[in-house]
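# Working through the structure, step by step
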Amino acid sequence: MTDWSSLEHAYGTAQDIPGLLDAMSPDPCDPCWNKLWSALCHQGAVFPASYAALPALADAARRWSPAERRQPLYLAGAIVAATDRPDGGEDPHVSRSAEIAAMRELTEEALRDPGLAGDPRDYVSLLGTLLTFEGVEVWGEQIDGLNGEEYELPCPACETENSIVFGEHGYFSTTDHLYVLRTPAKQFPLQPRDPSELRGLAGRLHERLLADGHPDLAHKLTYVFGTARCAECGTPFDVAEAVVARWGA
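Model, not experiment: these values are computed from the prediction. (Residues numbered from 1 in each chain as written. Predicted model: local features only at pLDDT ≥ 70, side-chain atom pairs only at ≥ 80, totals over all residues. Heavy atoms only, no water.)

### Examining the overall build of the chain
When helices and strands are counted, the chain shows 13 helices and eight strands. Its C-alpha atoms give the chain a radius of gyration of 20 Å, near enough to 18 Å, the size a compact globule of 249 residues would have. Counting all 249 residues of the chain, 48% fall into the buried class. Within the chain, residue pairs in contact and separated by at least 24 positions form 56% of the contacts whose partners lie at least 6 positions apart. Split by element, the accessible area of the chain, about 12,000 Å² in all, is 49% carbon and sulfur. Treating the 19 positive side-chain charges of the chain as one cloud and the 38 negative ones as another, the clouds have centres 3 Å apart. (Helix = DSSP H or I, 4+ residues; strand = E, 2+ residues; numbered from the N terminus. Rg over C-alpha atoms; globule rule 2.2 N^0.38 Å. Buried < 20%, exposed > 50% of the residue type's maximum accessible area, 1.4 Å probe, protein only. Contact = heavy atoms within 4.5 Å. Areas by Shrake-Rupley, 256 points an atom, 1.4 Å probe, with all protein chains shown as cover. Lys, Arg positive; Asp, Glu negative; His and termini not counted. Charge placed at Lys NZ, Arg CZ, Asp CG, Glu CD.)

Shown next, in the form of structure tokens:
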């Protein structure tokens, strides 16, 4: 039995967490989820109680249908991905490997939900959660750029911040961060990677996106793993490498 009173979360003692875990429901609008996120993964920071909650989150995901289990998987994934840990904090991939393995399989099942065919946003969020449970660094969280259709990245040569845009507004780099309101005076087209040249994680993701019925996301991925040109100094750079450089350890 977990002694919750001896553990802490963002606001102090975790003695309230068992009640919140018991109150969980599949409804994403349930106030319980806001309380759990705030206490256990507060602005990206995690606490001893956060890891102690993983078995209950895995159990809820196991009990609920693939379409219902997204909320506990999202919260568990954020806890596992967090790098802002307590001093001497545990590595959940080591200390909670059984729960993570179970949630990895549960996420795979959730990704096969037919309802996701028309829901690319939740699909990408679940895919990122799966990558987190697989131990894939950076991309577990940053694959969500496919939803935002943009990365804000510094040029590796001059360090100027560029908006790397791929989607509804076009496929270009610009230093005009108000591009959604006006056509940038200066922009450079992105160069996508040929799908036949995608290797490793990029190739695996591209194949999966196509197999799961998301060709539009697969198309955007070729730009994420393609080349941009700095709109300030003109230096070309690899977008994916810049993502890893910005958000990697």
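Let's pick the thread back up.
### Some details on helix H12 (residues 215-224)
Of all ten residues making up H12, seven are buried, and the element is well covered by its neighbours. Turning to H12, its buried residues number three or more, namely Leu217, Ala218, Lys220, Leu221, Thr222, Tyr223 and Val224.

### Some details on the packing of helix H4 (residues 54-63) against helix H5 (residues 70-81)
In contact at an axis separation of 9 Å, H4 and H5 are set at 150° when each is read in the N-to-C sense. Judged on the interaxial angle alone, H5 and H4 are roughly antiparallel. For the crossing formed where H4 meets H5, the hand is left-handed. Each of Leu54, Leu57, Ala60 and Ala61 in H4 lies in contact with H5, whose residues at this interface are Pro72, Leu73, Leu75, Ala76, Ile79 and Val80. For the contact of H4 with H5, the per-class residue count stands at ten nonpolar, no polar and no charged. (Axes fitted to C-alpha atoms, helices over the stretch in contact; angles between N-to-C directions. Parallel < 35°, antiparallel > 145°, perpendicular 65-115°, else oblique. Left-handed = near helix turned anticlockwise from the far one by under 90°. Nonpolar A, V, L, I, M, F, W, Y, C, P; charged D, E, K, R; others polar.)

### What about the pairing of strand S3 (residues 150-154)?
The alternating pattern of S3 places Tyr151 and Leu153 on a buried face and Glu150, Glu152 and Pro154 on a face that is not buried. As judged from the five bridges shared by S3 and strand S4 (residues 161-167), these two strands associate in the antiparallel manner. Bridge pairing links Glu152 to Ser163 in S4. Hairpin connection between S3 and S4: a loop of six residues separates the two successive antiparallel strands, and Glu159 in this loop has a positive phi of roughly 70°. (Pairing = 2+ DSSP bridges.)

### Digging into the packing of aromatic side chains
Summed over all chains, the structure comprises five aromatic pairs. Taking the centre distance of 4.4 Å and the plane angle of 35° together, the rings of Tyr171 and Tyr223 count as tilted. Of the two residues, Tyr171 sits in strand S5 (residues 170-174) while Tyr223 sits in helix H12, which places them 52 residues apart along the sequence. You can call Tyr171 partly exposed: its relative accessible area is 26%. Relative accessible area serves as the criterion here: at 12%, Tyr223 is assigned to the buried category. Linked through ring pairs, Tyr151, Phe166 and Trp247 together constitute an aromatic cluster. Taking the ring centre of Trp247 as reference, the NZ or CZ of Arg246 above it sits at 5.9 Å. (Phe/Tyr/Trp six-rings, centres within 6.5 Å; stacked < 30°, edge-to-face > 60°. Lys NZ or Arg CZ within 6 Å of the ring centre and 35° of its normal.)

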